[in-house]
Amino acid sequence: MGEKSVLLVEDEDGIALALEFLIARQGYDTRRVSDGNAALRAMEEDRPDLVVLDVMLPERSGYEICQIMRQDEDLRDVKVLMMTARGGEVERRKGLALGADAFLTKPFATADLTAQIRALLGGDMDA
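All figures in this text were calculated on a predicted structure; none of them were measured in a lab. (Residues numbered from 1 in each chain as written. Predicted model: local features only at pLDDT ≥ 70, side-chain atom pairs only at ≥ 80, totals over all residues. Heavy atoms only, no water.)

Draft legend 1. Quick peek at the overall build of the protein chain. What the protein chain contains, in helices and strands, is five helices and five strands. Going from the N terminus to the C terminus, the protein chain shows its helices and strands as β-α-β-α-β-α-β-α-β-α. For 127 residues, the compact-globule estimate of 2.2 N^0.38 gives 14 Å, and the protein chain sits close to it at 13 Å. Taken along its principal axes, the extent of the C-alpha atoms in the protein chain is 35 × 30 × 25 Å. Sequence separation of at least 24 residues holds for 59% of the intrachain contacts in the protein chain that already meet a minimum separation of 6. (Helix = DSSP H or I, 4+ residues; strand = E, 2+ residues; numbered from the N terminus. Rg over C-alpha atoms; globule rule 2.2 N^0.38 Å. Contact = heavy atoms within 4.5 Å.)

Quick look at the structure:
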């Protein structure tokens with residue numbers, strides 16, 4: 001079985017670089033895009049095992065992306081980890097109601113992120 005793939009959808013370069021490094025260091029094949037439409041195109045080209053999805057994005061919100069994924073036969077079982085700087089309970093509930101598998105509020109501990117990713121991808125990978 002090949003390595004699991006993660007699509008990171010984050011428009012802030014500083015955050016994206018740190019997250020991309022962190023996810024790749026866990027042993028996952030990682031790609032990054034910076035807006036909602038690019039996320040949809042990237043998933044059509046190469047279906048990931050997990051999408052780490054920011055809520056606030058150019059062109060389409062993370063909520064829209066999640067909703068589209070859950071309605072798409074080919075993408076509905078891809079795991080979604082949503083994250084946002086607006087950490088209210090309303091945002092979390094909305095993300096989970098739209099089909100996100102997990103939700104993190106920025107800033108978060110890197111250990112929380114890696115634990116969530118491992119839990120969603122179902123396996124302990126040794127980096």
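Draft legend 2. Layout of helix H1 (residues 13–25). Its 13 residues place the ends of H1 18 Å apart at the C-alpha level, agreeing with the 18 Å of an ideal helix rising 1.5 Å per residue. Among the residues making up H1, those that are buried are Ala16, Leu19, Leu22 and Ile23. Here the buried residues of H1 occupy an arc of 135° about the axis, which is enough to place them on one side. Residues Gly14, Leu17 and Phe21 are exposed on H1 and point more than 90 degrees away from its buried face. Considering only its buried residues, H1 is in contact with strand E1 (5–9), strand E2 (29–33), strand E3 (50–54), strand E4 (79–84) and helix H5 (110–121). Count one or two residues on from H1 and you reach Gly27, which has phi positive near 100°. (Expected span 1.5 Å × (residues − 1). Buried < 20%, exposed > 50% of the residue type's maximum accessible area, 1.4 Å probe, protein only. Arc of directions from axis to C-beta.)

Draft legend 3. Structural view of the environment of Gly62. By the secondary structure assignment, Gly62 is in helix H3 (residues 62–71). Considered as a pair, Gly62 and Val52 are ten residues apart in the sequence and their alpha carbons are 9.6 Å apart. Discounting chain neighbours no more than four positions away, the residues touching Gly62 are Leu53, Asp54, Val55, Leu57 and Met82.

Draft legend 4. Quick look at the pairing of E3. Most of E3 sits inside the fold, with five of its five residues counted as buried. The two faces of E3 match: Leu50, Val52 and Asp54 on one face and Val51 and Leu53 on the other face are all buried. The sheet contact formed by E1 and E3 spans four bridges and is parallel. Across the sheet, the residue bridging to Val9 is Leu53, located in E3. Bridge count between E3 and E4: five bridges; the pairing is parallel. The residue bridging Asp54 from the neighbouring strand is Met83, located in E4. The β-α-β motif built from E3, the intervening H3 and the parallel element E4 has right-handed crossover chirality. (Pairing = 2+ DSSP bridges. Right-handed = clockwise from strand over helix to strand, strands pointing away.)

Draft legend 5. Inspection of the packing of aromatic side chains at higher detail. If you walk through the whole model with that rule in mind, you get zero aromatic pairs. Sitting over the ring of Tyr63, Lys94 keeps its end group 4.3 Å from the ring centre. (Phe/Tyr/Trp six-rings, centres within 6.5 Å; stacked < 30°, edge-to-face > 60°. Lys NZ or Arg CZ within 6 Å of the ring centre and 35° of its normal.)

Draft legend 6. Representation of the side chain of Lys106 within the structure. Note that Lys106 resides in the loop between strand E5 (102–105) and H5. For Lys106, the side chain forms a polar contact with the side chain of Glu10, separated by 2.8 Å. Side chain to side chain, Lys106 and Asp54 meet in a polar contact 3.2 Å long. (Polar contact = N/O pair within 3.5 Å; in protein donor to acceptor, adjacent residues only side chain to side chain.)

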